[in-house]
Amino acid sequence: MSNKGFIFDLDGVIVDTAKYHFLAWKKLANQLGFEFTKEENELFKGVSRKRCLEILLDIGKIEASQEQFDIWMVEKNVDYLHYIENMDESEILPDVPKVLQFLKDNNIPIALGSASKNARPILEKVKLLHYFDAIVDGNNVTKAKPDPEVFLLAAKQLGVDAKDCVVFEDAVAGIEAANAANMISIGIGERNILNEADYIFSDFTEMENDFIQELLNR
Ligand code: BG6
Ligand code: MG
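All values reported here derive from a predicted model rather than from experimental measurement. (Residues numbered from 1 in each chain as written. Chains lettered and ligands numbered in written order. Predicted model: local features only at pLDDT ≥ 70, side-chain atom pairs only at ≥ 80, totals over all residues. Heavy atoms only, no water.)

Participant: Explain the environment of Asp70 residue by residue, including any values.
Facilitator: As for its position among the elements, Asp70 is in helix α4 (residues 66-84). Expressed as a C-alpha distance, the spacing of Asp70 and Leu53, which sit 17 residues apart in the sequence, is 9.6 Å. (Helix = DSSP H or I, 4+ residues; strand = E, 2+ residues; numbered from the N terminus.)

Participant: I'd like a description of the packing of helix α1 (residues 18-31) against helix α3 (residues 49-59), backed by residues and values.
Facilitator: Contact geometry of α1 with α3 gives a least axis separation of 11 Å together with a crossing angle of 35 degrees. Taken as a pair, α1 and α3 cross one another with a handedness that is right-handed. Within the contact between the two elements, α1 uses Trp25, Leu28 and Ala29 and α3 uses Arg49, Cys52, Leu53 and Leu56. (Axes fitted to C-alpha atoms, helices over the stretch in contact; angles between N-to-C directions. Left-handed = near helix turned anticlockwise from the far one by under 90°. Contact = heavy atoms within 4.5 Å.)

Participant: Before we move on, can you summarise the side chain of Lys76 with the specific residues and values?
Facilitator: Structurally, the position occupied by Lys76 is in helix α4. Buried within the structure, Lys76 lacks any salt-bridge partner; Asp11 is the closest side chain of opposite charge, at an N-O distance of 8.0 Å. (Buried < 20%, exposed > 50% of the residue type's maximum accessible area, 1.4 Å probe, protein only. Lys, Arg positive; Asp, Glu negative; His and termini not counted. Salt bridge = Lys/Arg side-chain N within 4 Å of Asp/Glu carboxyl O.)

Participant: Got a sec to walk through the site of ligand 1? Specific residues and values, please.
Facilitator: As a structural note, the neighbourhood of ligand 1 is formed by 15 residues, with Asp11, Val47, Ser116, Lys117 and Asn118 the closest of them. Within the side chain of Asp11, one N or O atom sits 2.6 Å away from an oxygen atom of ligand 1. Phe44 places a polar main-chain atom, nitrogen or oxygen, 2.8 Å from an oxygen atom of ligand 1. Protein contacts shield 97% of the accessible area of ligand 1, which totals 390 Å² for the unbound molecule. (Near = heavy atom within 4 Å. Polar contact = N/O pair within 3.5 Å; in protein donor to acceptor, adjacent residues only side chain to side chain. Areas by Shrake-Rupley, 256 points an atom, 1.4 Å probe, with all protein chains shown as cover.)

Participant: Report on the pattern of salt bridges, specifying residues and quantitative values.
Facilitator: Summed over all chains, the structure comprises 13 salt bridges. In this structure, the salt-bridge partner of Lys145 is Asp9, at a minimum N-O distance of 3.1 Å. A residue pair is termed long-range when its members are at least 10 positions apart, and Lys145 in the loop between β3 (134-136) and α7 (149-158) and Asp9 in the loop between β1 (5-8) and α1 qualify at 136 residues. When its relative accessible area of 4% is taken as the criterion, Asp9 is described as buried. Between Glu54 and Lys50 there is a salt bridge; the shortest N-O distance is 3.3 Å.

Participant: Could you give an account of the coordination of the magnesium ion (ligand 2), with specific residues and numbers?
Facilitator: The magnesium ion (ligand 2) binds to the protein through Asp9 (OD), Asp11 (O) and Asp170 (OD), with metal-donor distances spanning 2.0 to 2.1 Å. Mapping the donors of the magnesium ion (ligand 2) onto the primary sequence gives the spacing D-x1-D-x158-D. Taken together, the residues Asp9 in the loop between β1 and α1 and Asp170 in the loop between β4 (165-169) and α8 (172-180) connect sequence positions 161 residues apart. Side by side, Asp9 and Asp170 carry an identical accessibility label, which is buried. (Donors = N, O, S within 2.8 Å, 3.2 Å for Na, K, Ca; no water.)

Participant: Please provide a residue-by-residue account of the domain arrangement of the chain, values included.
Facilitator: Domain assignment breaks the chain into domain 1 (5-16 + 89-217) and domain 2 (18-84). Between the C-alpha centres of domain 1 and domain 2 the distance comes to 25 Å. Counting residues at the interface gives 13 residues for domain 1 and 13 residues for domain 2. Carbon and sulfur atoms supply 49% of the area buried between domain 1 and domain 2, which totals about 1100 Å² over both sides. The largest share of the area that domain 1 buries against domain 2 comes from Asp16, Glu91 and Asn118, three residues that together contribute 37% of it. At the boundary of domain 1 and domain 2, one finds two salt bridges. (Domains from an automatic or database assignment. Buried area = accessible area lost by both parts, 1.4 Å probe.)

This is the structure we're talking about:
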């Protein structure tokens, strides 16, 4: 058994759910009488649902009681659940199964490290749940990314030292969390956004098995 562990973020790394989060937040913003743009949605990547609503209300300059805040949190999620209801394997991002299978073939433990409270049902829908030896998500952590808690907990569950973990992330907050955890951070997305990552790939189709093998040999 290898002493390495691999940790995957979910939204934007395994599946392209950012578009559904965007639609649900946009609907709420419009209902409250203001616009919400794709550029603003960038700030929401990797960020907890609660923090997203706080940012959204800041954008709309809206103040809310705790009770109203909680109602909007539920409304957004009900809407999001509606969007993801019919997700299937076709929404897996390119070459994700190839990387997961390579790691499995090499007996490398795999964890999910996601801010989402909907992570498990999404992995079930896209039929990737069986690859994961540990799942740490928004239901298990008290501190959101960029705090390293989610990844440290994932490493612990895998029984692997933090310094021996590799993290795949599409969000700035996630790269910061991986770096703070002293893990190898691999950005999946745009170079100019993810420049704090140790390595950056635009997607998994660019990542050869040899690259992963090198990480395993380190
Ligand atoms: C992260 C997404 O993975 O999960 C964020 O990048 C999202 O955009 C967060 O806000 C929380 O997700 P959920 O499913 O618990 O609302
Ligand atoms: Mg993400």
